[in-house]
Structure formats: structure tokens, C-alpha cells
Amino acid sequence: MWWHSCRPIQEDNMESNERYARHYSLKGFGTTGQQKLAAARVLVIGAGGLGCPVLQYLASVGVGDIGIADHDTVSLSNLQRQVLFSAEDIGKPKAGIAAARLKALNPEISITTINGAITTANALEIITEYDVIVDCTDNFATRYLVNDACVLLDKPLVFGAISQYEGQVSVFNMPNQKGDTINYRHLFATPPNPLEVQDCNEAGVLGVLPGIIGTLQATEVIKIITGIGEVLAGKLLTFNLLNYQTYAFEITVHDLEAGVLPTNEAVFKATDYEWLCGTKAAGINELDAEAFLRTFNDADAIIIDVRENRELPKADFDCLQMPLSTLTDNLPEIIENNIILFCQSGKRSLIAGQLFLEHYKNQKNISHLTGGILALQEYGQKH
Amino acid sequence: MKVRVIAFGQIAEITGGELFIEAQDTVVLKAALQVEFPTLADKKYAIAVNNKLVTEVTALTENDVVALMPPYSGG
């Protein structure tokens with residue numbers, strides 16, 4: 001700092017990388033800030049709506065080592081907001097495509113891809129390699145998993161989440177002004193059940209929203225690394241696109257999270273986050289789009305749409321309509337041994353599955369389409 | 001005690017945005033909200049009073065601002 005404040009002109013001469021010229025001349029940032037970025041290792045979990053702008057800015061500002069974790073492939077419906085991808089990328093892995101784009105943008109940084117899901121088996125060993133973690137995921141199971149792993153490893157976590165026209169940003173596991181260290185479980189100790197909250201597939205999201213929220217997340221990462229400004233440690237900031245209203249509140253420490261947070265590595269590894277979030281249930285088989293389509297050839301299977309009447313998109317295959325709202329009163333007798341359930345997003349079919357399971361015990365094989373008919377549509381676009 | 005209630009995300013869709021409600025503490029407020037908007041009972045949301053998260057019964061005073069904040073999952 002002393003050198004920076006006393007000899008700014010020579011400092012400029014010290015650095016000749018024109019790429020970061022506007023950082024060198026930026027008061028309060030300079031070569032010191034740039035060196036800190038170059039030495040930093042940042043892991044971005046999820047290369048979707050939030051992940052794209054986060055990655056783009058972290059690469060352009062010169063974060064030295066960036067990890068990209070994503071298990072998904074690019075779909076047509078991603079392109080409305082996931083700005084790193086092009087139409088020609090549909091069907092290709094997001095992590096690999098994102099890495100190639102970032103490499104073209106800034107060949108001077110190192111990029112690592114983790115082309116698979118973050119699970120309790122791999123999370124700790126992946127996260128431990130990085131200084132700052134950025135949560136750009138799109139589901140509660142992974143959000144709670146990443147939160148808990150960062151608490152165990154004491155890693156700063158930059159949280160971002162979006163819904164329709166509104167977004168949330170916060171920084172966890174970094175002491176706030178009072179010295180308290182907050183995590184997501186202080187805000188919401190346990191996950192909501194799937195019917196309590198709609199995800200982007202169901203509720204929609206305006207294309208520019210993740211661009212804004214992701215850019216705020218990237219800003220927090222830069223602030224954490226370089227020490228400039230005030231980090232949103234333990235504060236939840238919300239932003240509304242429609243009226244530009246922001247609202248921030250302080251998350252407070254309390255012991256409600258004590259009983260729900262895994263206390264050590266073994267407990268963490270034994271936690272089933274999908275089950276905890278109600279997106280998986282014992283005794284009900286999960287079918288991806290491909291496995292679902294294979295059941296069309298099974299003579300002993302019946303496919304049941306548990307959505308309410310007239311929900312779109314309409315199924316373009318043979319199926320029986322049994323809205324979930326009618327199933328709670330009386331469950332129809334089914335002759336076939338394999339019951340295949342689906343709905344819009346995979347939430348209601350799982351609940352219907354539990355009703356069938358209660359009724360038939362182990363007499364029938366009950367399966368449901370994960371991600372619902374929306375996932376089936378996306379699969380259709382890619383194949 | 002009349003307090004201003006602001007809501008976010010899907011909770012705002014239910015409550016319609018800003019409200020003014022008479023309540024002496026957060027438990028009474030929550031109950032009053034659920035009488036007016038029964039579907040709130042099935043929703044998860046955090047409560048902040050004057051820009052601070054509260055998790056226990058908290059006394060309210062005139063003109064307090066109470067925020068109802070649901071979790072967002074999208075990314």
C-alpha cells in the first residue's frame with residue numbers, strides 16, 4: 001500500500017500488460033489489485049444464467065485460475081439468457097463450451113472444467129482447491145449441498161438466485177462487521193418443499209435478470225479478492241428489475257441452523273440432499289427423458305399424466321390423464337405392473353408416486369419422469 | 001401498532017405488494033396475514049424487521065417495516 005500511494009507513476013511502468021491498463025489506472029485498485037486477481041482461484045458452480053456473466057467477467061478481469069462445474073448440456077431454451085452459448089452449441093456440454101469461450105477471451109488465465117454434477121462424494125475435494133466459491137446453481141438440493149460444504153471448509157461463498165424479475169445476492173462464510181459468520185441456513189434453515197417454490201422452468205425469468213445478478217456476484221468476488229469496498233457479508237440484497245427497487249437486510253446468527261447443518265465430513269457425505277429437498281423419494285424410480293421414452297415399448301406399463309386438465313404442452317404420446325388433485329381422494333385400480341408418472345416439472349409426479357406407493361406397497365413398480373414434460377421437450381430439441 | 005409490510009417474489013404475488021397491518025409482534029402479524037391470505041400458510045418465507053432478519057417472536061412498534069422474503073431457486 002505504501003509503495004502504491006507514493007510511487008504511482010513507476011507502478012504503471014512496472015506493468016506492461018495492456019489488457020489490464022484500465023485497472024492499473026483505477027484509483028484504489030492498481031497493480032496490487034490486479035496481482036491479487038491473478039493469484040486467485042475461483043470456482044463457479046453452474047454455468048447457466050448466472051454462471052455465464054460471472055464467468056465472463058471473472059475471465060475478462062483476469063482471475064488467474066477459474067473452475068467451471070456443470071453437468072448439463074446446452075438447450076435452445078437456454079440461449080434467451082445464457083450469453084456464452086450459441087445455437088451451434090445445442091447438445092454440447094456447458095462447462096466445455098464455456099471454457100473454450102473464456103480461453104478465447106483471455107488466453108492468459110488457467111481454466112479447469114468439472115464436467116459433472118457436484119455431489120456429496122466429490123464436493124469437498126473440489127471446493128477445497130479454491131479460494132472463493134460462486135453459487136450459480138438452479139436448484140435447492142445443490143444450493144444446500146454447496147452451502148454446507150463451504151461451511152465445513154470455511155470457504156467464502158458468493159450466493160446468487162433469481163425468480164422471474166427479482167434476484168438475491170449475498171456472501172456467506174465471511175465475517176460481517178460484527179464478526180458473525182453467516183450461511184444460507186441462517187436465512188432458511190431447511191429447504192422448502194418442491195411445491196412451495198417455483199423454479200425458472202415453471203415461473204419463467206426475464207433474459208437480462210441473470211446478467212444483472214450474475215454481474216453483482218462477480219463484483220462481490222472481485223471485492224473479496226482485492227479487499228476493495230464493502231462485501232455483502234451476511235447481508236441479503238434483493239433487486240427488482242421492474243422498478244429498480246433494491247432492499248437489503250442483515251441476516252442474523254441464531255441456533256436454528258445448528259441441528260440441520262452437517263457437523264463433519266462423514267455426516268455431510270451421508271446426507272442425501274435430493275431427498276432432503278423432496279426431489280427424490282425412496283421406492284420411486286427416477287426416469288430421465290431417454291428412459292421414459294423406452295417405456296413406450298413396455299406392454300406392461302401405463303403412462304399417467306398427473307397434471308390438471310388442459311395444462312400445456314399437451315402430451316403427444318398415449319397416456320392416461322389423472323390430475324393429482326383427484327388422486328388424493330380415490331386411487332384408481334391399475335392393471336399394469338409398471339406405473340409411469342409424469343407432470344410438468346417432476347414435482348407433482350413424485351407426490352403422485354408416493355400416493356401410488358402407499359396404496360400398492362411393493363406390488364407395482366412406480367417410476368416418474370424427472371424434470372417432467374419440460375425435460376422431455378428439451379431432450380427432443382437436442383436429439 | 002400499525003406496521004408496513006413489504007413482500008418479495010411469489011409472496012408479493014399473494015399479498016399484492018405493500019400492506020399496512022395492526023400487530024403487536026411478528027407472531028400476531030403472521031397469523032393476521034394468514035387469515036387475509038390463506039395460501040401463505042403453504043409458503044416458506046423469512047421475516048425481516050427494519051432490515052434485520054428475525055427468527056423469534058419480535059415486538060413491533062408503530063411504522064416498523066416488515067419484509068417477507070421467500071427463497072429463490074433459479075440460476
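Residues numbered from 1 in each chain as written. Chains lettered and ligands numbered in written order. Predicted model: local features only at pLDDT ≥ 70, side-chain atom pairs only at ≥ 80, totals over all residues. Heavy atoms only, no water.

Asks: Would you take a moment to explain the domain arrangement of chain A for this structure?
Replies: Think of interface size as the accessible area that goes away when the parts come together; that is how it is often given. All names here are of chain A. Per the domain assignment, the segments making up chain A are domain 1 (40-276) and domain 2 (285-382). For domain 1 versus domain 2, the separation of C-alpha centres amounts to 32 Å. Opposite the 15 residues of domain 1 that make contact, domain 2 presents 8 residues. Together, the buried faces of domain 1 and domain 2 total about 860 Å²; carbon and sulfur atoms form 57% of this surface. Between the two partners, domain 1 and domain 2, sit 0 salt bridges. Across the domain 1-domain 2 interface, the total number found is 6 residue pairs in polar contact (both at pLDDT 80 or more). Classifying every residue of the side of domain 1 that touches domain 2 by side-chain character gives 6 nonpolar, 6 polar and 3 charged. (Domains from an automatic or database assignment. Contact = heavy atoms within 4.5 Å. Buried area = accessible area lost by both parts, 1.4 Å probe. Salt bridge = Lys/Arg side-chain N within 4 Å of Asp/Glu carboxyl O. Polar contact = N/O pair within 3.5 Å; in protein donor to acceptor, adjacent residues only side chain to side chain. Nonpolar A, V, L, I, M, F, W, Y, C, P; charged D, E, K, R; others polar.)

Asks: Please clarify how the nonpolar core should be interpreted in this entry.
Replies: Soluble, globular proteins show a tendency: their nonpolar side chains are buried together. Ranked by internal contacts, the top residues of the largest apolar core, which has 48 residues, are Val42, Leu55, Leu58, Val63 and Ile68 of chain A. For this core, the element with the highest residue contribution is helix H11 (residues 209-226) of chain A, accounting for 7 residues. Leave out the neighbours within four places in its chain, and Ile68 of chain A touches Leu43, Val44, Ala47, Leu55, Ala95, Ala98, Ala99, Leu102, Ile111, Thr112, Thr113 and Ile114 of chain A. Counting 43 residues, the second-largest nonpolar core is a separate cluster that includes Tyr130, Ile182 and Val197 of chain A together with Val65 of chain B. (Core = buried A, V, L, I, M, F, W, Y, C linked by side-chain atoms within 4.5 Å. Buried < 20%, exposed > 50% of the residue type's maximum accessible area, 1.4 Å probe, protein only. Helix = DSSP H or I, 4+ residues; strand = E, 2+ residues; numbered from the N terminus.)

Asks: Sorry if this is basic, but what is going on with the packing of aromatic side chains here?
Replies: Aromatic ring pairs are reported here in terms of the distance separating the ring centres and the angle at which the planes meet. All names here are of chain A. By the definition in use, this model includes 15 aromatic pairs over all chains. Judged by centre distance (5.7 Å) and plane angle (75°), the ring pair of Phe292 and Phe296 falls under edge-to-face. Residue Phe296 is classed as partly exposed on the basis of its relative accessible area of 36%. The cationic tip of Lys364 hangs over the ring face of Tyr360; the distance from NZ or CZ to the ring centre is 5.2 Å. (Phe/Tyr/Trp six-rings, centres within 6.5 Å; stacked < 30°, edge-to-face > 60°. Lys NZ or Arg CZ within 6 Å of the ring centre and 35° of its normal.)

Asks: Help me understand the pattern of salt bridges in this model?
Replies: Side chains bearing opposite charge may pair, as long as their charged atoms lie close to each other. Residues and elements named next belong to chain A. The tally for this structure, following the rule as stated, stands at 13 salt bridges over all chains. Salt-bridge contacts for Lys178 lead to Glu250; the nearest nitrogen and oxygen are separated by 2.8 Å. Taken as a pair, Lys178 in the loop between strand E6 (166-172) and helix H9 (184-187) and Glu250 in strand E8 (residues 246-250) lie far apart in primary sequence, 72 residues in all. Where Arg307 meets Asp305, a salt bridge forms, and the shortest distance between an N and an O atom there is 3.1 Å. Comparing Arg307 with Asp305, the two get one shared label, buried.

Asks: How do you make sense of H11 of chain A when you look at a structure like this?
Replies: Residues spaced three or four apart along an α-helix face the same direction, because each turn holds 3.6 residues. Residues and elements named next belong to chain A. Look at H11: 26 Å from first C-alpha to last across 18 residues, which is about the 26 Å you get at 1.5 Å a residue. The buried count for H11 comes to 13 of 18 residues, which makes it a mostly enclosed element. At the exit of H11 stands Gly227, carrying a positive phi of roughly 80°. (Expected span 1.5 Å × (residues − 1).)

Asks: Got a minute to help me understand the layout of surface pockets in this structure?
Replies: Over the atoms rolls a probe the size of a water molecule, and in doing so it shows where empty space is left. When its volume is computed, the second largest pocket comes out at roughly 350 Å³. Looking at the second largest pocket, it is lined by 19 residues, and the ones nearest its centre are Lys30, Tyr45, Ala46, Val54 and Thr55 of chain B. Contributions of two or more residues to the lining of the second largest pocket are made by H9 of chain A together with helix H2 (26-36), strand E3 (46-49) and strand E4 (53-54) of chain B. Among the elements that make up the lining of the second largest pocket, the one with the highest residue count is H2 of chain B (3 residues). (1 Å grid on protein atoms, 1.4 Å probe; cavity = no way out; pocket = protein on both sides within 12 Å on 5 of 7 lines; lining within 4 Å. Points joined across faces, edges and corners; volume = space filled by probe spheres on them.)

Asks: How do you make sense of the side chain of Asn176 of chain A when you look at a structure like this?
Replies: All names here are of chain A. Relative to the assigned elements, Asn176 resides in the loop between E6 and H9. Here Lys178 takes part through its backbone nitrogen, which lies 3.0 Å from a polar atom of the side chain of Asn176. Setting aside anything within four residues of it in sequence, one finds Asn176 in contact with Ile182 and Ala233.

Asks: Looking at this structure, how should I read unusual backbone geometry?
Replies: Excluding glycine, most residues fall at negative phi; most peptide bonds, likewise, are trans. Cis geometry marks the peptide bond from Leu312 of chain A to Pro313 of chain A, where omega comes out at 0°. Relative to the assigned elements, Pro313 of chain A resides in the loop between strand E10 (301-305) and strand E11 (320-321). For Arg310 of chain A, which is not glycine, the phi torsion reads 70° and is therefore positive. Looking at the element boundaries, Arg310 of chain A is found in the loop between E10 and E11. By relative accessible area, Arg310 of chain A is classed as exposed at 78%. Residues other than glycine seldom take positive phi values, yet Asn63 of chain B does so here, at roughly 70°. Tracing the backbone shows Asn63 of chain B in the loop between E4 and strand E5 (65-69).

Asks: So what exactly am I meant to see when it comes to the interface of chain B and chain A here?
Replies: Contact residues are listed per partner, giving 23 residues for chain B and 41 residues for chain A. Of all residues in chain B, Tyr72, Ser73 and Gly75 of chain B bury the most surface against chain A, accounting for 27% of the area lost on that side. Our enumeration of links across chain B and chain A arrives at 0 salt bridges. Remark: the boundary between chain B and chain A carries 14 residue pairs in polar contact (both at pLDDT 80 or more). The element that contributes the greatest number of residues to the side of chain B that touches chain A is helix H1 (residues 9-15) of chain B, accounting for 3 residues.

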